[in-house]
Amino acid sequence: MNTMTEYLQSQSACQSSNHFILQDIAQLKEEMIHQISKHPFLTQCRSGEVSLDRLNTFLVQQGKYSRHFTRYICQLMVNLESNEDVLSIFDNLFEELGFGEVKEPPHSQIYRSMLQGFGLDLDMHPTLPSTQRLIDTMMNFCKQPKGVYGLAALCLGAEAIVPQLYSDIVTGFVEQGIPPQQLNFFTLHIECDDGHADTMLAILSRLIIAKPALFEVVRHAAFLTIQARIEFLDDM
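Residues numbered from 1 in each chain as written. Predicted model: local features only at pLDDT ≥ 70, side-chain atom pairs only at ≥ 80, totals over all residues. Heavy atoms only, no water.

### Re the overall build of the chain
Here comes step 1: The helix and strand tally for the chain stands at 11 helices and zero strands.
Here comes step 2: Scanning the chain from its N terminus toward the C terminus, one meets helices and strands in the order α-α-α-α-α-α-α-α-α-α-α.
Here comes step 3: The buried share among the 236 residues of the chain stands at 46%.
Here comes step 4: For the chain, long-range pairs separated by at least 24 residues make up 81% of all intrachain contacts whose partners lie at least 6 apart in sequence. (Helix = DSSP H or I, 4+ residues; strand = E, 2+ residues; numbered from the N terminus. Buried < 20%, exposed > 50% of the residue type's maximum accessible area, 1.4 Å probe, protein only. Contact = heavy atoms within 4.5 Å.)

Next comes the structure, spelled out in structure tokens:
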């Protein structure tokens, strides 16, 4: 067998291996979305069975989790090894702060305004234990060295599920007579968070292709983050 043939066979085997890795990652993402979508709180949102009081509880507790979002991203960026990856994630942060291509208020301000429309103030409500566990889970993963745990938690355990999660929440509110225009934080993120997830997924995919053993690390972090989110939803 000549050198060129060996090289071509090696390249073919590598491409095949990479293809299966990308398939595994895509399947893992779909698993996380499915785990969330079948939760009783969200199935009841889709069927219009969730009361406005329960939806307001979600608004408050999700707000308590979300107001740490820039800290999650900053902790993740500190631990990424590649400057190019830091810049890619920084684009997400830039958009979160309202400095994206479309100029808009910081997302934290949009959420606060949405809460005010429902007469809600985060500081007037206690943080539920399950909410604090979700916050701690995300923060602890984002603090881990090399960024793999943080990427898995933020991408597969958060950003990737946002379109499904927020679409169901919007449906729940609409079924209770609330117009979508009053839920602009959610509708904005249904549209933009797929891009955020894709950015992180591309970084994760490259890291796993370079070191396939990392896939189990990613799976572990994703499942633990989703489990914390499920326990969060259990209290709604």
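### Overview of the nonpolar core
Here comes step 1: The biggest cluster of nonpolar side chains holds 72 residues, and the ones touching the most others in it are Phe41 and Phe186.
Here comes step 2: Per-element tally for this core: the top contributor is helix 11 (residues 214–234), with 10 residues.
Here comes step 3: Non-local contacts of Phe41, meaning those with residues more than four positions away in its chain, are made with Val50, Arg54, Leu55, Phe58, Ile169, Leu233 and Met236. (Core = buried A, V, L, I, M, F, W, Y, C linked by side-chain atoms within 4.5 Å.)

### What to know about helix 9 (residues 162–175)
Here comes step 1: Taking 1.5 Å per residue as the helical rise, helix 9 with its 14 residues ought to reach 20 Å, and the 20 Å between its terminal C-alpha atoms agrees with that figure.
Here comes step 2: Among all positions in helix 9, only Val162, Pro163, Leu165, Tyr166, Asp168, Ile169, Val170, Gly172 and Phe173 are buried.
Here comes step 3: A positive backbone phi angle near 90° is found at Gly177, which sits one or two residues after helix 9. (Expected span 1.5 Å × (residues − 1).)

### Some thoughts on the packing of aromatic side chains
Here comes step 1: Inspection of every chain in the model, using the stated rule, returns 12 aromatic pairs.
Here comes step 2: Centre to centre, the rings of Phe185 and Phe186 are 5.8 Å apart; their planes meet at 80°, and the pair counts as edge-to-face.
Here comes step 3: The class of Phe185 is buried, set by a relative accessible area of 4%.
Here comes step 4: Taken together, the aromatic side chains of Phe41, Phe58, Tyr111, Tyr166, Phe185, Phe186 and Phe232 make up a single cluster linked through ring pairs.
Here comes step 5: Here Arg229 stacks its cationic end above the ring of Tyr65, 5.0 Å away from the centre of that ring.
Here comes step 6: Directly above the ring of Phe232 sits Arg229, whose terminal nitrogen or CZ lies 4.8 Å from the centroid. (Phe/Tyr/Trp six-rings, centres within 6.5 Å; stacked < 30°, edge-to-face > 60°. Lys NZ or Arg CZ within 6 Å of the ring centre and 35° of its normal.)

### Quick look at the environment of Phe232
Here comes step 1: One can find Phe232 in helix 11.
Here comes step 2: Residue classification places Phe232 among the buried positions, given a relative accessible area of 0%.
Here comes step 3: Between the C-alpha atoms of Phe232 and Phe58, which are 174 residues apart in sequence, the distance is 9.1 Å.

### A look at the pattern of salt bridges
Here comes step 1: A complete count under the given rule lists six salt bridges for this structure.
Here comes step 2: The partner of Arg206 in a salt bridge is Asp85, and the shortest N-O contact between them spans 2.7 Å. Pair noted here: Arg206 is in helix 10 (residues 184–210) and Asp85 is in helix 5 (residues 83–96), with a separation of 121 residues, a long-range link.
Here comes step 3: A residue is classified by how much of its surface remains accessible, and Arg206, at 42% relative accessible area, is partly exposed. (Salt bridge = Lys/Arg side-chain N within 4 Å of Asp/Glu carboxyl O.)

That is the geometry; function is a separate question.
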